[in-house]
Amino acid sequence: MRTRERDIFRKYLERRGLKLTTERQAVFDELFARHEHVEADEILVRLRGKGKKISRATIYRTLELLVDSGIVGRVRIGEIGYRYERLRAGEHHDHLICNECGRVIEFFEPRIESLQDDVCERYGFLPLSHSHQMRGICRQCRPRTSVVEAVASAERAKAGRRPHLVH
Ligand SMILES: [Zn+2]
Ligand SMILES: [Zn+2]
């Protein structure tokens, strides 16, 4: 299962003198079982539920390694922290993140992709990867969120980038 990504991860670990331990393998399996955006603590709960003895520190360390090896992506969710997702070569998407319910919506927009290439070209910059996120209020949350509440919510989220508010 997921042999290609596992090989990439194993080689990445080897270059750092690390091994693909059963704990690291368990975190890998959990992330690559399906496509989702999952929090580290959720992985901890699931693995404990399967009777695996694994510490929170090991999960966080393993997630750092997975992200650094390039096979796992990390989406910043306001103050709550991060969610993680498996990445597959040749597949790319960006995210809309709801400040109210934390929903993560994936999108792919060829015009944004090609505009980013234009920007890189202008600066003579070789792009290797990018992550594009817009924060706001999702369709489900909009009916019960006024613009005033939305602004307050954006302040609460203290996002690194300017929130994209919908009216
Ligand atoms: Zn929402
Ligand atoms: Zn995603």
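See the structure above.
What you see is a predicted model, and the numbers here were worked out from it, not measured in a lab.

Engineer: Which residues make up the environment of Gln 116, and what values do they have?
Structural biologist: Its location among the elements puts Gln 116 in helix 5 (residues 110-122). Its relative accessible area of 22% is what places Gln 116 among the partly exposed residues. Each C-alpha atom of the pair Gln 116 and His 130 lies 9.1 Å from the other, and the pair is 14 residues apart in sequence. Apart from the residues lying within four places of it in its own chain, the contact partners of Gln 116 are His 130 and His 132.

Engineer: For the coordination of the zinc ion (ligand 2), give the residues involved together with the corresponding values.
Structural biologist: Protein-derived ligands of the zinc ion (ligand 2) are His 37 (NE2), Glu 85 (OE), His 93 (NE2), His 95 (NE2) and Glu 106 (OE), with the metal-ligand distances lying across 2.1 to 2.2 Å. In terms of primary sequence, the donors binding the zinc ion (ligand 2) are separated according to H-x47-E-x7-H-x1-H-x10-E. On the criterion of sequence distance, the pair formed by His 37 in the loop between helix 2 (22-32) and helix 3 (40-49) and Glu 106 in strand 4 (residues 104-107) is long-range, its members being 69 residues apart. Looking at Glu 106, the relative accessible area reads 32%, which means it is partly exposed.

Engineer: Before we move on, could you go through the nonpolar core and cite the residues and values that matter?
Structural biologist: With 21 residues, the main nonpolar core has Phe 9, Val 27, Leu 31, Ile 59, Leu 63 and Leu 66 as its most contacted residues. For this core, the secondary-structure elements that each account for two or more residues are helix 1 (3-15), helix 2, helix 3 and helix 4 (56-68). In terms of residue count, the dominant contributor to this core is helix 2 (5 residues). Ile 137, Cys 138, Cys 141 and Ala 150 belong to the second largest nonpolar core, which has 5 residues in total.

How each quantity is defined
- Chains are numbered independently. Their residues run from 1 in the order of the written sequence.
- Naming scheme: in the order in which they are written, chains are lettered from A and ligands are numbered from 1.
- At least 70 in pLDDT is required for a residue's local features to be given in this predicted model, at least 80 for side-chain atom pairs to be given and counted, and no such filter applies to totals for whole chains, interfaces and linings, which use all residues.
- Processing note: side-chain calculations cover all non-hydrogen atoms of the structure and skip hydrogens and water entirely.
- Numbering of helices and strands runs from the N terminus, with a helix taken as a DSSP run of H or I at least four residues long and a strand as a DSSP run of E at least two residues long.
- Remark: exposure states derive from per-residue accessible area (1.4 Å probe, protein chains only) relative to the maximum for the residue type, with buried under 20%, exposed over 50%, and partly exposed in between.
- The contact rule is simple, with two residues in contact once any of their heavy atoms fall within 4.5 Å.
- Only N, O and S atoms count as donors, using a 2.8 Å limit from the metal and a wider 3.2 Å limit for Na, K and Ca, and since water is excluded some coordination spheres may look unfilled.
- Throughout, nonpolar core names a set of buried Ala, Val, Leu, Ile, Met, Phe, Trp, Tyr and Cys residues whose side chains join them through atoms within 4.5 Å.

Honestly, that's just the spatial picture; any functional story needs more than this.
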